[in-house]
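Fold and contact review
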Amino acid sequence: MASRGDFHTHSTASDGVKTPTELVDLAAGQGVVYHALTDHDSTEGIVEARRAAARHPGYTLIPGVEMGTDIAGAEVHMLGLYLYPEDPELQQALAKLREGRVGRGEGIVRKLREMHIMIEWERVQQIAGEASVGRPHIAQALVEAGYVSKVAEAFDKWIGRNGPAYVERDKMTPAESVQFIVQRGGLACIAHPADLPNLDALLPELKAAGMAAMEVYYKDYAPSVVQMLKQHADRNELLALGGSDYHGIFGNDEKLPGNIPLPDSSIERLLELAATLPNRQLAH
Ligand SMILES: [Zn+2]
Ligand SMILES: [Zn+2]
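Definitions and limits used
- Residues numbered from 1 in each chain as written.
- Chains lettered and ligands numbered in written order.
- Predicted model: local features only at pLDDT ≥ 70, side-chain atom pairs only at ≥ 80, totals over all residues.
- Heavy atoms only, no water.
- Helix = DSSP H or I, 4+ residues; strand = E, 2+ residues; numbered from the N terminus.
- Rg over C-alpha atoms; globule rule 2.2 N^0.38 Å.
- Contact = heavy atoms within 4.5 Å.
- Areas by Shrake-Rupley, 256 points an atom, 1.4 Å probe, with all protein chains shown as cover.
- Lys, Arg positive; Asp, Glu negative; His and termini not counted.
- Charge placed at Lys NZ, Arg CZ, Asp CG, Glu CD.
- Pairing = 2+ DSSP bridges.
- Axes fitted to C-alpha atoms, helices over the stretch in contact; angles between N-to-C directions.
- Left-handed = near helix turned anticlockwise from the far one by under 90°.
- Nonpolar A, V, L, I, M, F, W, Y, C, P; charged D, E, K, R; others polar.
- Donors = N, O, S within 2.8 Å, 3.2 Å for Na, K, Ca; no water.
- Buried < 20%, exposed > 50% of the residue type's maximum accessible area, 1.4 Å probe, protein only.
- Arc of directions from axis to C-beta.
- Salt bridge = Lys/Arg side-chain N within 4 Å of Asp/Glu carboxyl O.
- Parallel < 35°, antiparallel > 145°, perpendicular 65-115°, else oblique.

**Observations concerning the overall build of the protein**
- Looking only at helices and strands, the protein has 11 helices and 7 strands in total.
- For the protein, whose C-alpha radius of gyration is 21 Å, the value lies close to the compact-globule estimate of 19 Å for 284 residues.
- Residue pairs at least 24 apart in sequence account for 70% of intrachain contacts in the protein once pairs closer than 6 positions are excluded.
- Put simply, the protein shows about 13,100 Å² of open surface, and 50% of that area lies on carbon and sulfur atoms.
- Each charge class in the protein was averaged separately, 27 positive and 39 negative side chains, and the resulting centres sit 4 Å apart.

Right under this line is the structure:
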C-alpha cells in the first residue's frame, strides 16, 4: 500500500546510505509527492535534496530533522518538520545535540583542542577507567599535561559552567524539543512512539508543549499497533502522521519511501497546518 506522503526518511547526512539526491530520486520514483528528509540532529542534506527536488515536477520536499531526546529510561525521537537550514538558531541547537551524541566529554576535549589545548580523548578515558567520563577526568588530564597545576584551576579557566570549553548536558527533554521546534516555526511530531512507556501521560504533556502530530503509520507497525496509536492520536487531538524511516541499511525487507498505509486525509490535514506556520517565507 503506497502513500503519496512520507514524513520520515534518512540520507547520508546522518545514518542513511542514499545521498540526499538519491533519496529524493527514489522517493519521487516511488510516487511520493510530499516527502520529508529528517536526518538525525542535522539538516545538512536539505540543500542538496532541494536541488534534486527541482528536477521532479509536482514533488514537494519538506525540510525536517529528527531530534534525539531523553526521558527517564528511554530515548524519545522528535521529528521537526518545516525547519529550514538557513535558521542560525536551529543550526546552533543541532550542533549542540550532535556534540551530545558523541558525548559531552568528547565535546569538551574537542573545544579545548580548538583552543590549542592538546589533551587526548583516549587519555581522558584511561583516567576515567570504568567510570563514565566526567569533567574531573578532563581536569586531571589537563593537570597531567601541564596546562594547569590543579584540578580546580581547570574548572576556573576552561571547563566550569561559564568556561569557554564548557558543553551543556547532552540532550533536551521531549517537551523542550517540542517547544524548540515550535519556536523555530516548525511542526513537532513524535517518532515511532509504540514502544515508549506511559504514552497516556507523555502525549498530553507534549500536546500541551505544542506538539501537533504523532507517527501512527510507521514503517512496519502491525495493524493492531496502528489502531492503538490512532486512538491515542484522536484522544489527544494529534494529527496521525507516518513515515517509512527509510535508511537503506536494512536489506530487502526494508519499506521503501511511501510504502506505508498513510491516508490522504492525513496529508491534507498536514498541508493545512503547514499553511499556518510562520516559516513559509523561507521555503523555496
Ligand atoms: Zn528514530
Ligand atoms: Zn528515523
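Having put the structure on the table, let's press on.
**With respect to the sheet that holds strand β4 (residues 74-81)**
- One open sheet holds the 7 strands; their spatial order is β1-β2-β3-β4-β5-β6-β7, and the pairing between them is mixed. Two strands close off the open sheet at either side, each with one partner strand: β1 (5-6) and β7 (239-243).
- Examined bridge by bridge, strand β2 (residues 34-40) and strand β3 (residues 60-71) share 7 bridges and lie parallel to one another. Paired with histidine 35 across the strands is leucine 61, a residue of β3.
- Contacting β6 (213-218) and β7, helix α10 (residues 223-235) runs over the sheet at an angle of about 165° to β6.
- Its contacts with the sheet place helix α11 (residues 264-274) against β1, β2, β3, β4, β5 (187-190), β6 and β7, and it is angled at close to 110° to β7.

**Re the packing of helix α5 (residues 121-128) against helix α6 (residues 135-144)**
- Look at α5 against α6: their axes get within 9 Å of each other, and the N-to-C directions meet at 115°. Of the two elements, α5 crosses α6, and the hand of that crossing is right-handed. Residues Arg123, Val124, Ile127 and Ala128 of α5 lie in contact with α6, whose contacting residues are His137, Ile138, Gln140, Ala141 and Glu144.
- Its residues assigned to classes, the contact of α5 with α6 comprises 5 nonpolar, 2 polar and 2 charged.

**Some points on the coordination of the zinc ion (ligand 2)**
- Every protein donor of the zinc ion (ligand 2) is accounted for by His8 (NE2), His10 (NE2), Glu66 (OE) and Asp245 (OD), and the metal-donor separations fall at 2.0 to 2.2 Å.
- Summarised as a motif, the one-chain spacing of the donors to the zinc ion (ligand 2) is H-x1-H-x55-E-x178-D.
- The two metals, the zinc ion (ligand 2) and the zinc ion (ligand 1), are separated by 3.5 Å and share glutamate 66 as a common coordinating residue. Taken together, the residues span a long stretch of sequence, with histidine 10 in the loop between β1 and α1 (20-29) and aspartate 245 in the loop between β7 and α11 at a distance of 235 residues.

**Quick word on helix α9 (residues 199-209)**
- Three or more residues of α9 are buried, namely Leu199, Leu202, Leu203, Leu206 and Ala209. Viewed end-on, α9 has its buried residues packed into an arc of 120°, placing them on one side of the element. Facing away from the buried side of α9, by more than 90 degrees, are the exposed residues Asp200 and Ala208.
- Buried positions along α9 lie against β4, α8 (174-183), β5, β6 and α10.
- With its phi angle positive at about 115°, glycine 210 sits one or two positions after the end of α9.

**Concerning α8**
- For α8, the full list of buried residues reads Pro174, Ala175, Ser177, Val178, Phe180 and Ile181.
- One or two steps after α8, the chain reaches glycine 185, where phi turns positive at roughly 90°.

**Some points on the pattern of salt bridges**
- Summed over the entire model, instances satisfying the criterion amount to 11 salt bridges.
- One salt bridge in this structure joins glutamate 120 and arginine 113, with 3.5 Å as the shortest N-O distance.
- For glutamate 120, a relative accessible area of 43% corresponds to the partly exposed category.
- Glutamate 272 is the partner of arginine 269 in a salt bridge, and the nearest nitrogen-oxygen pair spans 2.9 Å. Residue arginine 269 and its partner glutamate 272 are located together in helix α11, separated by 3 residues, close to a single helical turn.
- Since its relative accessible area comes to 47%, glutamate 272 is described here as partly exposed.
- Linked through salt bridges whose partners overlap, the residues forming this network are Asp87, Glu89 and Arg184.

**Re the packing of α9 against α10**
- Between α9 and α10, the shortest axis-to-axis distance is 10 Å and the interhelical angle comes to 40°. In terms of orientation, α9 and α10 fall into the oblique class. Crossing angle aside, the handedness with which α9 passes α10 is right-handed. Of the residues in α10, those touching α9 at Leu199, Asp200 and Leu203 are Leu229, His232 and Arg235.
- Residues of the contact of α9 with α10, tallied by class, amount to 3 nonpolar, 1 polar and 2 charged.

Geometry only, nothing functional implied.
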